[in-house]
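Chain by chain, the residues run as shown.
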Protein chains: 2
Amino acid sequence: MVMQCSYFSFELLAEDGPARRGRLITPHGAVNTPAFMPVGTQATVKGVTPQQLREIGAEVVLSNTYHLHIRPGERLISKLGGLHRFMSWDGPILTDSGGFQVFSLAKLMEISDKGISFASHIDGSRHDLTPEMAVTIQQELDSDIMMCLDECIPYPAGKDHAKEAADRTILWARRSLDARTDDRALFGIVQGGMYPELRLRSAKEISSMPFEGLAIGGLSVGEDRETMLAVLDTTVGYLPVEKPRYLMGVGSPVDILEAAARGIDMFDCVLPTRNARNGMLFTQHGTLSIKQARYKDDPRPPDEDCSCYTCRNFSRAYLRHLFLSREILSSVLNTIHNLHFYLELMSDIRHAIENKSLDDFRIRVKEIYDGDIGLRSR
Amino acid sequence: MVMQCSYFSFELLAEDGPARRGRLITPHGAVNTPAFMPVGTQATVKGVTPQQLREIGAEVVLSNTYHLHIRPGERLISKLGGLHRFMSWDGPILTDSGGFQVFSLAKLMEISDKGISFASHIDGSRHDLTPEMAVTIQQELDSDIMMCLDECIPYPAGKDHAKEAADRTILWARRSLDARTDDRALFGIVQGGMYPELRLRSAKEISSMPFEGLAIGGLSVGEDRETMLAVLDTTVGYLPVEKPRYLMGVGSPVDILEAAARGIDMFDCVLPTRNARNGMLFTQHGTLSIKQARYKDDPRPPDEDCSCYTCRNFSRAYLRHLFLSREILSSVLNTIHNLHFYLELMSDIRHAIENKSLDDFRIRVKEIYDGDIGLRSR
């Protein structure tokens, strides 16, 4: 069950119900799925060096086309040898299309079938982004996996708005494929808000096009988990089994576990990195807010069963001191720990699928889990 | 020529005129001198992990008693196994006495022969610091090399003020020795402002006491280099040859080279780490302000002959992008480079002393050096 184009392929290695254990092959190496992609917005995963990322076990990173287009610009990055060389990450890179950030960060946005016009959140300068430009920019960046420009809607959104956006995303998907001038991998994006029939239609249309992978966008935008999983349940069955499936911007450990159980292969989220900088650590026993007074003289590492650099070397008391002292090392050590937690979670999920025990794993997690977003069990 | 106490010794291995190549032996390992001590104010060298510090080649770090006393407190650090374990640095640590910071950072300071009373710069809480307390705090921190509390004066300072402070520092030095309850190394500090006769007297008095090392304080406080070197010339000859000599808070690469040539063995300075965070990089061809537009698309590393992690992996264009984007990684990579530059400079100085070629090394540096604080040559 292999989908092959010159530079990209996806193999399914094992299944456990709808859940899949697979492997992406990209021009910059292999990625075991289900995979979590640390977010490297501005050509750096905030707080860690590429060497530390490798040590943590990251196999792929995501970078943001919107941010890199605004600063320093894809032309500059291309001139310097592409994004891998620029940021010194020789593993695979998935780039988003810039759509989500234009809708969430940019100012004075105007949208038409042609594309989007907006003002930079950095200096107010005027920019355009069309589906064609999004592909060109990502090619210039030397992305391993490009994403189509899509129209992102707020939550909640009316059905007419959701339909218009989903239709435009389909229109743009075709134009993105036409704009591609090499056989670099390009993923289409399913939209449709929280409306099952729109999701269905979008899934069928996008799936019918010759993309190397399919993404589900517009989830984890404020809806509750049940709503998100219901949309996922509606959508996933219509995605071709032989192509990788990417749930964009999701999510908490439990979100990821639930989505992987439904057949999702790829994830990205700022949660581990952003929360690290805010002093929130993921552990096997729930989340931990390192600034709390109860950790003042706690000699234990954040997670006693964790093998990351942070847990092998530092106490909660020290990490609390660093956080309260606003030291750079606070963000660094917390980020190392949280990313390690996420990548270990993915490894646990992959092993559970191989052993056909993902349901047991989910049940074990839920036995301990009590609404906290951070818990996992082995 | 070995000065020995149970836990600390200093060996002189080679000399080149007044310059000395030596080795400190501490309870946490050896330090080759002349040595540069990266500054780890709040129990962390800002921006780098202990692992990175080791990779850069640091053999000893300095930490600040004032900061640690205020937050998190020496009691807490002691309870957690001491400063080495707290910050996960198993190499030697020199702690200052807190004096310099009390005079430069604290508010509402009152000084008497008894000690200093001041308000914390963090929360305004009232604290006392006496020579006895400074020793007790440093013992609790489990310092490898403790410093006496000294009275630091502003620059310029009148002779009466300088004399009073130097006399008080001598008084406090005796009391510091009496306060020590174990045979941990303790260094005395020579003061006396820019007045040769005060420096002379201070050097003789402090040298006559049974310290394991001697420090020169109150330099690099705003005076020009000639003035500083004149004071050094006056002072160094009166320090016992068999004990290590530490020039506190100094300095630029050229300051260090000039002082090492005059027989100084130990240095510390925030210049490499603080300037790194401000985007100023030291190179063999002078300093480099990474934010400048001329580095916008410069594919070269900061220093083409440098072997540090930053120079092996990243371009000036990328480092400029990180700096302008205010990314954490900017501080991290710049700090790694600048500390590596300083530690390589010390290694070059040590080799030059071994080869009796320190004068040639100084001349080569001065041929290229043109007033810029950052230059060195090999």
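Points about the sheet that holds strand S5 (residues 35–37) of chain A
Residues and elements named next belong to chain A.
At step 1: With respect to topology, 8 strands assemble into an open sheet ordered S5-S15-S14-S13-S12-S11-S7-S6, the strand pairing being parallel. Each end of this open sheet is capped by a strand with a single partner; those strands are S5 and strand S6 (61–63). Strand-to-strand, the axes of this sheet are offset by a mean angle of 25°, without reference to chain direction.
At step 2: Sheet topology note: the strand S7 (residues 93–95)/strand S11 (residues 145–147) ladder contains 2 bridges and is parallel. The residue bridging Thr95 from the neighbouring strand is Met146, located in S11.
At step 3: Contacts from helix H8 (residues 196–207) reach strand S12 (185–190) and strand S13 (213–216) within the one sheet, and its direction differs from that of S12 by about 160°.

Notes on the sheet that holds strand S10 (residues 126–129) of chain A
All names here are of chain A.
At step 1: Ordered in space as S8-S9-S10, the 3 strands form an open sheet in which the pairing is antiparallel. The open sheet has two edge strands, strand S8 (107–111) and S10, and neither has a second partner. Each strand of the sheet is rotated relative to its neighbour by a mean of 15°, with strand direction disregarded.
At step 2: In this sheet, strand S9 (residues 116–119) lies alongside S8 in antiparallel orientation, the contact comprising 3 bridges. Considered in S9, the bridge of Lys107 is made with Ala119.

Details of the packing of helix H7 (residues 159–179) of chain B against helix H8 (residues 196–207) of chain B
Helices that pack against each other are described as a pair by the angle of their axes relative to one another and the distance between those axes.
Residues and elements named next belong to chain B.
At step 1: Two numbers describe how H7 lies on H8: the axes approach to 10 Å, and their chain directions differ by 5°. By the angle between their axes, H7 is roughly parallel relative to H8. Along the contact surface, H7 presents Ala162, Lys163, Ala166, Thr169, Ile170 and Ala173, while H8 presents Leu198, Ser202, Glu205 and Ile206.
At step 2: Along the lines of polarity and charge, the residues of the contact of H7 with H8 split into 6 nonpolar, 2 polar and 2 charged.

As for the environment of Ser97 of chain B
Residues and elements named next belong to chain B.
At step 1: For Ser97, the position within the fold is in the loop between strand S7 (93–95) and helix H5 (99–104).
At step 2: For Ser97 and Ala134, which are 37 residues apart along the polypeptide, the C-alpha to C-alpha distance reads 5.5 Å.
At step 3: With residues up to four places along the chain from it excluded, the contact list for Ser97 reads Thr65, Ala134, Met147, Cys148, Leu149 and Asp150.

Structural notes on the domain arrangement of chain A
For an interface, size is often stated in terms of accessible area lost upon the parts coming together.
All names here are of chain A.
At step 1: Taken as a whole, chain A is organised into domain 1 (2–269) and domain 2 (276–368).
At step 2: One C-alpha centre belongs to domain 1, the other to domain 2; they are set 27 Å apart.
At step 3: Between domain 1 and domain 2, the contact holds 23 residues from the first and 22 residues from the second.
At step 4: When residues of the side of domain 1 that touches domain 2 are traced back to their parent elements, those giving at least two are strand S2 (8–16), strand S3 (19–26), S5, helix H1 (50–56) and helix H10 (253–261).

Re the interface of chain A and chain B
At step 1: Counting residues at the interface gives 32 residues for chain A, matched by 32 residues for chain B.
At step 2: Where the side of chain A that touches chain B is concerned, the elements lending two or more residues are helix H3 (74–79), helix H4 (83–87), helix H12 (309–313), helix H13 (316–324) and helix H14 (328–354) of chain A.
At step 3: Looking at the side of chain A that touches chain B, the element that brings in the most residues is H13 of chain A, giving 5 residues.
At step 4: By residue class, the composition of the side of chain A that touches chain B is 16 nonpolar, 11 polar and 5 charged.

Examining the pairing of S2 of chain A
Residues and elements named next belong to chain A.
At step 1: The sheet contact formed by S2 and S3 spans 7 bridges and is antiparallel. In the strand pairing of S3, Glu15 is matched with Arg20.
At step 2: Once S2 ends, the chain turns through 2 residues before running back antiparallel as S3, passing Gly17 with a positive phi of about 65°.

Considerations on H8 of chain B
At step 1: Here H8 of chain B contains 12 residues, and its C-alpha end-to-end distance of 16 Å stays within 8% of the 16 Å for a straight helix at 1.5 Å per residue.
At step 2: Here the buried face of H8 of chain B lies against H7, strand S12 (185–190), strand S13 (213–216) and helix H9 (225–236) of chain B.

Observations regarding the relation of the copies chain A and chain B
At step 1: Between chain A and chain B, the superposition needs a rotation of 180° and an axial shift of 0.0 Å, giving an RMSD of 0.0 Å. These values place the two chain copies in the arrangement generated by a two-fold rotation axis. Looking at the rotation axis and the C-alpha trace of chain A, the residue lying nearest is Ile328 of chain A, at 3.6 Å.
At step 2: In this assembly the copies share their binding face: 100% of the residues contributing to the interface of chain A also contribute to that of chain B.

Conventions used here
Residue positions are counted from 1 within each chain, in the order its sequence is given. Labels follow written order: the first chain is A, the first ligand is 1, and so on. pLDDT decides what is reported in this predicted model: residues at 70 or higher carry local features, side-chain atom pairs at 80 or more are listed and counted, and totals for whole chains, interfaces and linings draw on all residues regardless. Here the rule is simple: two strands pair whenever DSSP picks up at least two bridges between them. Each helix is a run of H or I in the DSSP string that is no shorter than four residues. Each strand is a run of E no shorter than two, and both are numbered from the N terminus. Orientation is described by axes fitted as lines to C-alpha atoms, over the contacting stretch for helices, and by angles from 0 to 180 degrees between their N-to-C directions. Here the contact rule is simple: place C-beta atoms from the backbone, and any two residues whose C-beta atoms are within 7 Å are in contact. Roughly parallel means an angle under 35 degrees; roughly antiparallel, over 145; roughly perpendicular, 65 to 115; everything else is oblique. In this classification, Asp, Glu, Lys and Arg are treated as charged, Ala, Val, Leu, Ile, Met, Phe, Trp, Tyr, Cys and Pro as nonpolar, and every other residue, Gly included, as polar. Boundaries of every domain are those given by an automatic assignment or by a domain database. Working rule for helices: expected span equals 1.5 Å times residues minus one. The atoms used to superpose the copies are C-alpha atoms, taken from residues with pLDDT of at least 70 in both, and the fit is least squares.

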